[in-house]
Amino acid sequence: MSAVRCIDLCKTYRQGDQDIKALDHVSLEIAAKGFVCLSAPSGGGKTTLLNAIGGLDIPDSGEVWVAGQRIDQLSKGALASLRLQQIGFVFQAYNLIPVLSARENVEFVMQVQGVSKDGRREKSTAILKEVGLAGLEDRRPAEMSGGQQQRVAVARAIVSKPALVLADEPTANLDSKTSDELMELFVELNEHHGTTFVIATHDRRVMGYAKRLIKMLDGRIVDDINQRAA
Amino acid sequence: MNITLRLAWRNLWRQPRRTWLTIGAMVFSNALLVFMISLQFGMYDLMIDNTLQAFTGHIQVQAPGYKDDLKMRQVVPAVNALASDIRRETGLDRVAVRSAAFALVSSEDRSYGVQVFGADPQHEAQVSSLPGLVRDGRFPTDANAQEIVIGAVLARNLRVSVGDELTLLGSGRDGSFAAAVATISGIFDSGIADLDRNIAEVPLGFFNDVFYMEDAGHAIVVVTPNLDDVEAYRSRIESLLPVGSNLVVHDWNALQPGLKQAIQADLSSAFFMYGVLVVLVAFSVMNTQLMSVLERTHEFGIVMSLGLTPGRLGRLVLLETVLMGLAGMLLGALVGGAITLWFSYNGFSYPGMDQLAANFNLPSRFYPQATLLTLFAGPAVVFIGSICSATYPALRLHWLHPVEAMRAV
Ligand SMILES: Nc1ncnc2c1ncn2[C@@H]1O[C@H](COP(=O)(O)OP(=O)(O)O)[C@@H](O)[C@H]1O
Ligand SMILES: [Mg+2]
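Since the structure is predicted, the reported quantities are computational estimates derived from the model, not experimental observations. (Residues numbered from 1 in each chain as written. Chains lettered and ligands numbered in written order. Predicted model: local features only at pLDDT ≥ 70, side-chain atom pairs only at ≥ 80, totals over all residues. Heavy atoms only, no water.)

A. Just the confidence of the model for chain B, in detail. Summing up the model confidence of chain B, the mean pLDDT is 91 and the portion of residues at 70 or higher is 97%. Both scores are given for the predicted complex: the pTM is 0.78, the ipTM 0.90. (pLDDT = per-residue confidence, 0-100.)

B. Examining the sheet that holds strand β1 (residues 2-15) of chain A more closely. Residue and element names in this part refer to chain A. Read across the open sheet, the 4 strands follow the order β2-β1-β4-β5; overall the sheet is antiparallel. The open sheet has two edge strands, β2 (18-31) and β5 (69-70), and neither has a second partner. Here β1 runs beside strand β4 (residues 61-66); their pairing, made up of 5 bridges, is antiparallel. Of the residues in β4, the one forming a bridge with I7 is E63. The sheet strands contacting helix α1 (residues 46-53) are β1, β2 and β4, and the helix crosses β1 at an angle near 125°. (Pairing = 2+ DSSP bridges. Helix = DSSP H or I, 4+ residues; strand = E, 2+ residues; numbered from the N terminus. Contact = heavy atoms within 4.5 Å. Axes fitted to C-alpha atoms, helices over the stretch in contact; angles between N-to-C directions.)

C. Main features of the interface of chain B and chain A. With 24 residues of chain B at the interface, the matching set in chain A holds 26 residues. Looking only at chain B, the three residues that lose the most surface to chain A are I3, R10 and L306 of chain B, adding up to 28% of its buried area. Between chain B and chain A we count 2 salt bridges in total. Note that E104 of chain A and R10 of chain B form a salt bridge whose closest N and O atoms lie 2.5 Å from each other. At the boundary of chain B with chain A, the tally comes to 8 residue pairs in polar contact (both at pLDDT 80 or more). (Buried area = accessible area lost by both parts, 1.4 Å probe. Salt bridge = Lys/Arg side-chain N within 4 Å of Asp/Glu carboxyl O. Polar contact = N/O pair within 3.5 Å; in protein donor to acceptor, adjacent residues only side chain to side chain.)

D. Quick look at the packing of aromatic side chains. Residues and elements named next belong to chain B. Counted by the stated rule, this structure contains 13 aromatic pairs over all chains. On the numbers, 5.9 Å between centres and 75° between planes, the contact of F41 with Y44 is edge-to-face. Note that F41 and Y44 are positioned in helix α2 (residues 16-56) at a spacing of 3 residues, about one turn of the helix. Residue classification places Y44 among the buried positions, given a relative accessible area of 4%. Measuring from centroid to centroid gives 4.5 Å for F207 and F211, while their planes differ by 35°, and the two rings are tilted. What links up through ring pairs into an aromatic cluster is the set F35, W342, F343 and F348. (Phe/Tyr/Trp six-rings, centres within 6.5 Å; stacked < 30°, edge-to-face > 60°. Buried < 20%, exposed > 50% of the residue type's maximum accessible area, 1.4 Å probe, protein only.)

This is the structure we're talking about:
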């Protein structure tokens, strides 16, 4: 079973009197345990595609399947619970709730997921250690570097072991060294837990880590490279 | 502490000044409400007590219809026996028989139509403050003495003083001509214009002779220990009425409808003002929470994309409001309670209050009394109003689209 399957997705935005095809007949299949980079110049449709896969936005036409379930026809509430339980999100920046500490940011989502208090404590400690933040559990986002904040966001995204993690330009605000560290973390989690990663980026350094590189331009897939084989 | 609660609490202190301003508005209005309501209710109790204790009492047993026509023949038969029954069965000792007639009262110079009451010298002082308000002379002590007590205004109008004689002309219970001469034994000054101008009292035995009452009377007046007990005693007395009698037992509200109306009029104008206050506070809360939701659009977009529902975020906004509201309620009750306490020792008065006070024979300084009700009734309404007004910003989250929200900075 593939982790993600998109069939003939189209999404058109109107800007002024112009129609912009953010997704133009996109079809795509990502296997479980995949590690995929979506690369495109700015405005190429990366975010639109990730949002469609994550059920944040509904395409105009086409089908989206995640973990064997068709999701483009689900209700808002069902989509929210799908995201909560099965999909982890990492965004570009300002990803965390500023008034909560690293641990609380991770635990807040678990609380919503219905994890017991002891379970939350245990899991947040373990996951923060895994992303290399042991000892920084009680820091607020403002007291951490950009890289550390992104690690908290990753910890939050993967703490409940989702099958799929969607990351939208996660390194855009990070320097190259920190970017590398984050990508190494992704690779490790992918190999360790078998989590599927789909990472939108236009950062060449990030693309280098991907097993598979999908290139988009103006809402269309223009290239699909298996980098392992290459 | 629960994380959501912690989150709500910390969110409030992101903008401490705004939060304090909002809480401050709540504290101010709550303190004002506590003080005003404590003052008002203290005043009403005093007003009711003073008015009723002057003459009316809390409960009266009468013939049906008597209250409205005051016809001589609408009597309570065997009235003394019934009064004794009531005394014995209810354990109340403030029970007195009274009768009344309209009569022309004449001095050497002048005549006035007044309501002459026959009052039992032994018991009248327990149900009415008039005997105690006799300034000149004394209240009769002998039930058969040919004596009369009149109000200060009537005395002035008749140009008489203690020791002078008055002639009474009227008609008896059976419609016959009734006439008597009585010596003024005392003059009372109640401060209630109506009583001082239009009322005279004579001993009950003397009254019964003059107006052919035999063993009947017009009312049994009862005073209960506490206003709150009136209804219980009223129904108890109703059950004591002789079988087959059609007598009625009125409570003070039926006897003095003007009193409750005056209170209600005062209450409704006060409550209108309080309502305006609550609405103002509610709008300030709504404004605060709208701004705070707007500022967090991006953040809310992120957590919604993580799978949090708008309902959950709405509850967070409501929880924040609840925390502010609780702070406002407790601080408001505290400040209002302290102010009330201070005035309960030192008294309070404001211009315009003396007029209402004079109408009901009240002192012109008031001593507000804080009770649990007056401490929390107003603040509770402000609290509920605040929560209600925060539901709008909370519900607006349902229209928030995570993708668009995240685009906001
Ligand atoms: N909400 C929107 N309204 C109008 N146009 C949009 C909207 N979202 C995206 N677009 C347009 O769709 C195209 C693809 O956008 P996006 O998926 O964000 O690209 P990327 O993430 O690759 O930069 C761009 O031209 C963008 O301007
Ligand atoms: Mg983008």
